[in-house]
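# Examination of the molecular architecture
Each chain is listed here by its residues.
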Amino acid sequence: MFGNKDKRDYALLLFMGLVILLFLAYLFIPSGKAKDFPDNRYFAGNSSMPTIEGVAPGSKKNSFSSYNKRLEGDLTAVFASLDNLELLSALPTPEIEASLYNVDTKNARTKETALLSDVLQKIRRLSVINLKEILELNFPDGFKDRFRFNVYTAALLSKISNENVGGRLNEASNQEIQELLDFSLFDLIGNEIEKDYQALPVLLYFELLMERINLYTDPGAVAFFREAIVKLRDLSPKKMLLQMQEMLHYSEENELFRLEWREGDELDPDDVGVYQKLSLPCIRFLKQKYLIFPTQRESDNLWISELCNADSGDIELEDIKIYSEDPGRSVYLNRILYTPDTSRFIFVLSDAGTQSESDAAGDSTLDILSRRVSVLIRDLEKNYRVVSFEQSDDEATLEKQRQELVDFGRYLKTINF
């Protein structure tokens, strides 16, 4: 075909050049497949990194933290505003509900925020008695257990008010009370309270219990409550639960007392009775110390029968005193409580030796509990007739106290024991 050698060499060179061009084309012309090497634009920390579902990395965590920070701030404000524990009548429901149920979706990942919003709406529909279901609800990944506890606390504050739980407790059984005052949610924070506001559920439970209890006739009704508190570790600055444990401590121990009475007689010398080393069951509860008469032992009630027999007519009781036989204790009679329709009456004692260290230190925060109990006692004693032994220089007050003693003496004549 190529008879001339020069022509053959030229053709061979041309062919080789064509082969080289085809090889180069194979190497450098794109085939349409994605490149296997990384693109520096997607390295972490590059401001041009694209978002997933429109959210920058870590926004889920930041969104939940922001939500929790707002909720925690409102709960802290509720605790800081407490000057007594009558929470049921003035709960900050609108503010708490606004923080609890309003989820800011502006900078949050749509899927996770929607899941949190759905969970919160389920909680909105729960009743107080069913709030323990928060333990079973499917919160988004990254929503920490302590966040869930804050949700529970806020929901409890809101629902207790909205559902008028305080009013319903008056007719509830003891079993229903124990079901309502549920401590299972504290598992979310390892049964440890580190921040003061985390005590709010217990303080609210305490308030519910105070609405119902009669500390003189049924102090054992709160034993389950104190046992539940003891299981919680209180590492908070204010130590509210430790103070509550002290208040709810119940004991009944025999102590030795000396009792004296004087019954007046216009014509003859006054009758007096002195009874030493009376071993009486002394009850301590809610920082009160008291004796209940008549006691089960007949010998402890001898002073009552002898006082009643001191006068065949009406008793003119002029004085009655009781002291501790322990010289190291300053115990005296503060007031007597009784009602005409029962034979039980109560000696409430003042005991300077029972003041706790926290009281002596004058901790104003702990006064919250003391003031609440004082209100409870004042309201409860409206159902009793009271004989007061408070010291006074006012003649009208002294005359009132003298008449209270006379009325109590006449009451003793009517009781059966």
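Residues numbered from 1 in each chain as written. Predicted model: local features only at pLDDT ≥ 70, side-chain atom pairs only at ≥ 80, totals over all residues. Heavy atoms only, no water.

Right, let's get into the overall build of the protein chain. Each helix and strand counted, the protein chain has 14 helices and nine strands in total. When burial is assessed residue by residue, the protein chain has 42% of its 417 residues classed as buried. When contacts within the protein chain are restricted to residue pairs at least 6 apart in sequence, those whose partners lie at least 24 apart make up 72%. Within the structure as shown, the protein chain displays about 23700 Å² of accessible surface, and the carbon and sulfur contribution to it stands at 50%. (Helix = DSSP H or I, 4+ residues; strand = E, 2+ residues; numbered from the N terminus. Buried < 20%, exposed > 50% of the residue type's maximum accessible area, 1.4 Å probe, protein only. Contact = heavy atoms within 4.5 Å. Areas by Shrake-Rupley, 256 points an atom, 1.4 Å probe, with all protein chains shown as cover.)

According to the stated counting rule, one finds 24 aromatic pairs in the structure shown. Taken together, a centroid distance of 5.5 Å and an interplanar angle of 80° make the contact between Phe143 and Phe147 edge-to-face. One exposure class covers both Phe143 and Phe147, and it is buried. Note on Phe293 and Phe347: the rings are 5.1 Å apart at their centroids and 65° apart in plane angle, and the pair reads as edge-to-face. Of this pair, Phe293 sits in strand 5 (residues 288–293) while Phe347 sits in strand 8 (residues 345–351), and the two are 54 residues apart along the sequence. You'll find Phe293 and Phe347 in the same group, each marked buried. Taken together, the ring pairs connect Phe149, Tyr152, Phe183, Phe186, Tyr205, Phe224 and Phe225 into an aromatic cluster. (Phe/Tyr/Trp six-rings, centres within 6.5 Å; stacked < 30°, edge-to-face > 60°.)

In total, this model carries 18 salt bridges according to the counting rule given. Across the salt bridge formed by Lys289 and Glu255, the nearest N and O atoms sit 3.1 Å from each other. With Lys289 in strand 5 and Glu255 in strand 3 (residues 251–263), this residue pair connects regions lying 34 residues apart in the sequence. A residue is classified by how much of its surface remains accessible, and Lys289, at 3% relative accessible area, is buried. On the basis of relative accessibility, which here comes to 15%, the residue Glu255 falls in the buried class. (Salt bridge = Lys/Arg side-chain N within 4 Å of Asp/Glu carboxyl O.)

Compared with an ideal rise of 1.5 Å per residue, which puts 14 residues at 20 Å, helix 13 (residues 367–380) spans 20 Å between its outermost C-alpha atoms and is within 8% of the ideal. Among all positions in helix 13, only Ile368, Leu369, Arg372, Val373, Val375, Leu376, Ile377 and Leu380 are buried. Contacts made by the buried residues of helix 13 are with helix 8 (200–210), helix 10 (240–248), strand 5 and strand 7 (331–338). (Expected span 1.5 Å × (residues − 1).)

Next up on the list: unusual backbone geometry. Cis geometry marks the peptide bond from Phe293 to Pro294, where omega comes out at -10°. Phi at Asn191 takes a positive value of approximately 55°, unusual for a residue other than glycine. Within the element layout of this structure, Asn191 appears in the loop between helix 7 (174–180) and strand 1 (192–193). Residue class for Asn191 comes out partly exposed when judged on its relative accessible area of 26%. The phi dihedral of Leu286 is positive, around 50°, even though this residue is not glycine.

Before going further, it helps to spend a moment on the confidence of the model for the protein chain. Summarising the model, the protein chain shows a mean pLDDT of 80, and 78% of its residues fall at 70 or more. No element of the protein chain has a lower mean pLDDT than helix 12 (residues 357–361), at 42, and none a higher one than strand 1, at 96. Per-residue pLDDT stays below 50 along residues 31–61; that stretch engages in 21 contacts with residues further than four places along the chain or on separate chains. (pLDDT = per-residue confidence, 0-100.)

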